[in-house]
Number of protein chains: 2
Amino acid sequence: MKPTHIEHIGIAVNSIADAIPFYENVLGLKCYNIEEVAEQKVKTAFFMLGQTKIELLESTDPEGPVGKFIEKRGEGIHHIAFAVDGLEERLREAEEAGVRLIDQAPRTGAEGLSIAFLHPKSTFGVLTELCEDKKSKINK
Amino acid sequence: MKPTHIEHIGIAVNSIADAIPFYENVLGLKCYNIEEVAEQKVKTAFFMLGQTKIELLESTDPEGPVGKFIEKRGEGIHHIAFAVDGLEERLREAEEAGVRLIDQAPRTGAEGLSIAFLHPKSTFGVLTELCEDKKSKINK
């Protein structure tokens with residue numbers, strides 16, 4: 001595979017309302033979208049910087065993945081998402097290369113992207129997301 | 001401040017030799033530089049993806065910052081670096097906004113960049129680096 005760019009960096013925070021002022025007032029970025037992803041038990045806030053989004057993640061349930069991450073490690077960088085073409089095929093390639101998959105097939109994530117996670121145990125500790133924006137391709 | 005882009009993402013690994021094949025053979029990136037930064041007690045490996053570099057960090061000393069990070073948290077994403085213009089002024093702005101600085105003044109990091117770190121205690125758990133490529137500006 002060859003990703004086209006880093007689509008976003010996911011950052012786990014206790015409260016997006018508390019963290020947004022740092023990103024807006026200190027770093028000078030603009031929060032352009034706040035969205036709840038019920039399936040992932042998170043509320044997300046997005047900032048665009050060049051090719052890459054910063055995605056703040058606030059847990060809506062202590063039993064959700066971000067709630068558990070924060071309980072174990074505190075606030076911090078949660079995952080990196082690489083933009084790819086042909087996500088399903090890229091997943092199969094990763095699997096054939098011996099990478100353990102969290103998602104066997106793509107599912108829908110924030111902003112309507114097709115997404116799938118690779119397990120950090122086979123990616124040297126980095127929770128790695130692959131994602132594809134099929135919607136924007138149809139619109140092109 | 002308004003960063004121009006995400007300059008790099010720093011990832012702490014036990015061994016860059018072990019991790020490089022994942023980035024090259026699975027993600028399809030190319031390692032274009034390996035460099036030791038003695039002051040930071042790390043050996044680094046760089047990959048370029050769009051505007052942003054992936055910087056793998058292997059500790060050369062258990063007492064160095066990456067060695068301590070890995071001892072405490074294991075391998076994983078270590079920091080995000082934002083490219084800015086006028087680093088010294090940006091640092092003063094951050095300080096005036098109440099951000100705790102790790103580096104009071106810019107110093108030289110990998111690839112000859114001027115760099116300074118903000119303390120994760122005042123950036124919602126994210127070790128945040130600001131950096132400026134003065135060298136490439138002089139060459140322009």
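The rules behind each value
Residues numbered from 1 in each chain as written. Chains lettered and ligands numbered in written order. Predicted model: local features only at pLDDT ≥ 70, side-chain atom pairs only at ≥ 80, totals over all residues. Heavy atoms only, no water. Salt bridge = Lys/Arg side-chain N within 4 Å of Asp/Glu carboxyl O. Buried < 20%, exposed > 50% of the residue type's maximum accessible area, 1.4 Å probe, protein only. Phe/Tyr/Trp six-rings, centres within 6.5 Å; stacked < 30°, edge-to-face > 60°. Helix = DSSP H or I, 4+ residues; strand = E, 2+ residues; numbered from the N terminus. Contact = heavy atoms within 4.5 Å. Buried area = accessible area lost by both parts, 1.4 Å probe. Polar contact = N/O pair within 3.5 Å; in protein donor to acceptor, adjacent residues only side chain to side chain. Nonpolar A, V, L, I, M, F, W, Y, C, P; charged D, E, K, R; others polar.

1. Brief notes about the pattern of salt bridges
Residue and element names in this part refer to chain A. Applying the stated criterion to the full structure yields 18 salt bridges over all chains. Across the salt bridge formed by glutamate 24 and lysine 30, the nearest N and O atoms sit 4.0 Å from each other. Of the residues examined, glutamate 24 reaches a relative accessible area of 26% and is grouped as partly exposed. Classification of lysine 30 as exposed rests on a relative accessible area of 60%. What emerges from the salt-bridge pattern is a single network uniting Glu7, Lys53 and Glu111.

2. A short note on the packing of aromatic side chains
Residue and element names in this part refer to chain A. One pass over the structure, following the stated rule, counts 8 aromatic pairs over all chains. Ring geometry for tyrosine 23 versus phenylalanine 47: centroids 5.4 Å apart, planes at 35 degrees, classification tilted. Here tyrosine 23, found in helix H1 (residues 16-26), pairs with phenylalanine 47, found in strand E3 (residues 42-49); they are 24 residues apart in sequence, far enough to count as distant. Classification of phenylalanine 47 as buried rests on a relative accessible area of 0%.

3. Digging into the interface of chain A and chain B
Reports often express the size of an interface as the amount of accessible area lost when the parts come together. Facing the 42 residues of chain A at the interface are 42 residues of chain B. Summing both sides of the interface, chain A and chain B together bury roughly 3,400 Å²; the carbon and sulfur share of this comes to 72%. If you sort the residues of chain A by the area they bury against chain B, Leu49, Ile77 and Phe124 of chain A come out on top, with a joint share of 21%. Taken together, chain A and chain B are joined by 3 residue pairs in polar contact (both at pLDDT 80 or more). Elements supplying a minimum of two residues to the side of chain A that touches chain B: strand E1 (5-13), H1, strand E4 (52-59), helix H2 (65-73) and strand E5 (76-83) of chain A. Taken together, the residues of the side of chain A that touches chain B break down into 26 nonpolar, 12 polar and 4 charged.

Geometry only, nothing functional implied.
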